[in-house]
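Structural overview for review
Chain by chain, the residues:
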Amino acid sequence: VMLGFNNLLYSWGVAYLPISTSGILLSFQLAFTLILSAIIVKQKITFSNLNSMILITMSSAILAFNSSHEKSEGLTQKDYIIGFSCTIGASFLFSLYLPLMERIYERVYCYEMVMEMQIIMEIAATALVTGGMVYKGGFSEMREEAERVFDKGSTFYWLTVVSSVVTWQCCYMGTAGLVFLTSSVTGGVSANALLSLNVLAGWFVYHDAFNGFKIVATVLCIWGFCSYVYCMYFKRRQEEAAERRNSSGGSTTELVVK
């Protein structure tokens, strides 16, 4: 149910905001994830994840202060506020989902069970939003949109819808596996890796405004992600070196005993 409402808020945010603006606003989820992970799963706040949180949150703040005037044609100030609030809400719910799943996975020792749990959650979320569309006549509106609004033709419209559904489901499956194998913070950081691509794609495909503020925000977002990945790599190298030293010391001790 939470995933279903998260998708609803995300859809509203995309509908009311330019894709570049909603994309960077979603980077708030990393700060939310770090805070909620510290509360729910007792995640240690280290320099690497704190540095990433600060950089990416700064990128979101820069965009928020600069984008209040950036509205699509015919969009009222009320609609803009709704889109802004829904996007932040979607970011918070996804951030809550990650540490909650990490807490559940502490009792799971089988990767197949993780996938099974995720499939059940996705079925429930899909049933929730599908029921809402049936109740509000969403499918009839989609048919009308495919025939009269979408300029690429109805076939390409439905192909786009189906491919979007499949890729989003795969995205959630991959995120669940990443949280199980690593941590909720790593899952949040990896999700933010796509935000800068969203901003660039919104500028390239939809010709969204890409001024100096968005350039700075995008650079900070990429900087924060790369910083976290490098610290993870450096920490892993240290752990591997320690394991090799312990293994060598153990072999030498065993030889001496013999």
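Residues numbered from 1 in each chain as written. Predicted model: local features only at pLDDT ≥ 70, side-chain atom pairs only at ≥ 80, totals over all residues. Heavy atoms only, no water.

1. Digging into the overall build of the protein
In terms of helices and strands, the protein carries 11 helices and zero strands. Listed N to C, the secondary structure of the protein is α-α-α-α-α-α-α-α-α-α-α in terms of helices and strands. Classification of the 258 residues of the protein by burial places 36% in the buried group. (Helix = DSSP H or I, 4+ residues; strand = E, 2+ residues; numbered from the N terminus. Buried < 20%, exposed > 50% of the residue type's maximum accessible area, 1.4 Å probe, protein only.)

2. Considerations on the packing of helix α6 (residues 111-135) against helix α7 (residues 138-149)
For the pair α6 and α7, interaxial distance at closest approach is 5 Å and the crossing angle is 75°. As summarised for this structure, α6 and α7 are arranged roughly perpendicular, according to the angle between their axes. Where α6 approaches α7, its residues T130, M133 and V134 are matched on the opposing element by G138, F139 and M142. For the contact of α6 with α7, the per-class residue count stands at four nonpolar, two polar and no charged. (Axes fitted to C-alpha atoms, helices over the stretch in contact; angles between N-to-C directions. Parallel < 35°, antiparallel > 145°, perpendicular 65-115°, else oblique. Contact = heavy atoms within 4.5 Å. Nonpolar A, V, L, I, M, F, W, Y, C, P; charged D, E, K, R; others polar.)

3. Concerning the nonpolar core
Core analysis: the largest hydrophobic core is formed by 14 residues, its most contacted members being Y97, Y105 and V114. Counting only elements with at least two residues in this core, the list comes to α5 (77-105), α6 and α8 (154-181). Residue contributions to this core peak at five residues, all from α5. Once residues lying within four places of it in the same chain are set aside, the contact partners of Y97 are M2, L3, Q118, M121, Y172 and A176. Core analysis: the second largest hydrophobic core is formed by eight residues, L30, A31, I56 and V189 among them. (Core = buried A, V, L, I, M, F, W, Y, C linked by side-chain atoms within 4.5 Å.)

4. Side note on the confidence of the model for the protein
Of the residues in the protein, 88% have a pLDDT of 70 or more, and the chain-wide mean is 81. Within the protein, helix α2 (residues 19-25) has the poorest average pLDDT of any element, 69, and α8 the best, 89. Note on residues 253-258: pLDDT is under 50 here. Beyond four places in sequence and across chains, it has zero contacts. (pLDDT = per-residue confidence, 0-100.)

5. Quick word on the pattern of salt bridges
The tally for this structure, following the rule as stated, stands at four salt bridges. Note that E106 and R103 form a salt bridge whose closest N and O atoms lie 3.6 Å from each other. Judged by its relative accessible area of 43%, E106 is partly exposed. Taking the relative accessible area as the measure of exposure, R103 reaches 44% and is therefore partly exposed. Connected through salt bridges with shared partners, the residues R236, E239 and E240 form a single ionic network. (Salt bridge = Lys/Arg side-chain N within 4 Å of Asp/Glu carboxyl O.)

6. Looking at the packing of aromatic side chains
How two aromatic rings sit relative to each other is given by the distance of their centres and the angle of their planes. Within the structure shown, the criterion is met by 13 aromatic pairs. Centre to centre, the rings of F150 and Y157 are 5.3 Å apart; their planes meet at 70°, and the pair counts as edge-to-face. (Phe/Tyr/Trp six-rings, centres within 6.5 Å; stacked < 30°, edge-to-face > 60°.)

7. With respect to α7
Looking only at α7, the buried set comprises G138, M142 and A146. All buried residues of α7 project into a common sector of 85° when viewed along the axis, lining one side. Along α7, exposed side chains directed more than 90 degrees from the buried face belong to E141, E147 and R148. In this structure, the buried side of α7 is in contact with α6 and α8. (Arc of directions from axis to C-beta.)

8. Quick look at unusual backbone geometry
Excluding glycine, a negative phi dihedral is what most residues carry, and trans is how most peptide bonds are arranged. In this structure, K42 takes a positive phi of about 60° despite not being glycine. Here K42 is to be found in the loop between α3 (28-40) and α4 (47-66).

9. Section: the side chain of Q118
Mapped onto the fold, Q118 is located in helix α6. Ignoring any residue separated from it by four or fewer positions in sequence, one finds Q118 in contact with L3, Y97, Y105, Y172, M173 and A176.

10. Considerations on the packing of helix α1 (residues 2-16) against α5
With their axes 7 Å apart at the nearest point, α1 and α5 run at an angle of 150° to one another. Remark: the crossing between α1 and α5 carries left-handed chirality. Counted together, M2, L3, F5, N6, L9, Y10, W12, G13 and Y16 of α1 and D79, I82, G83, C86, T87, G89, A90, L93, F94, L96, Y97 and L100 of α5 form the full contact between these two elements. Taken together, the residues of the contact of α1 with α5 sort by class into 15 nonpolar, five polar and one charged. (Left-handed = near helix turned anticlockwise from the far one by under 90°.)

11. So, the environment of M53
Note that M53 resides in helix α4. What makes M53 buried here is its relative accessible area of 16%. The spacing of M53 and Q29 is 24 residues in sequence and 9.2 Å in space, taken between C-alpha atoms. Sequence-distant contacts of M53, that is, excluding residues within four places in its chain, are made with L30, A31 and L34.

12. Notes on the environment of I104
Mapped onto the elements of the fold, I104 is located in helix α5. Separated by 76 residues in sequence, I104 and F180 have C-alpha atoms that sit 9.3 Å apart.

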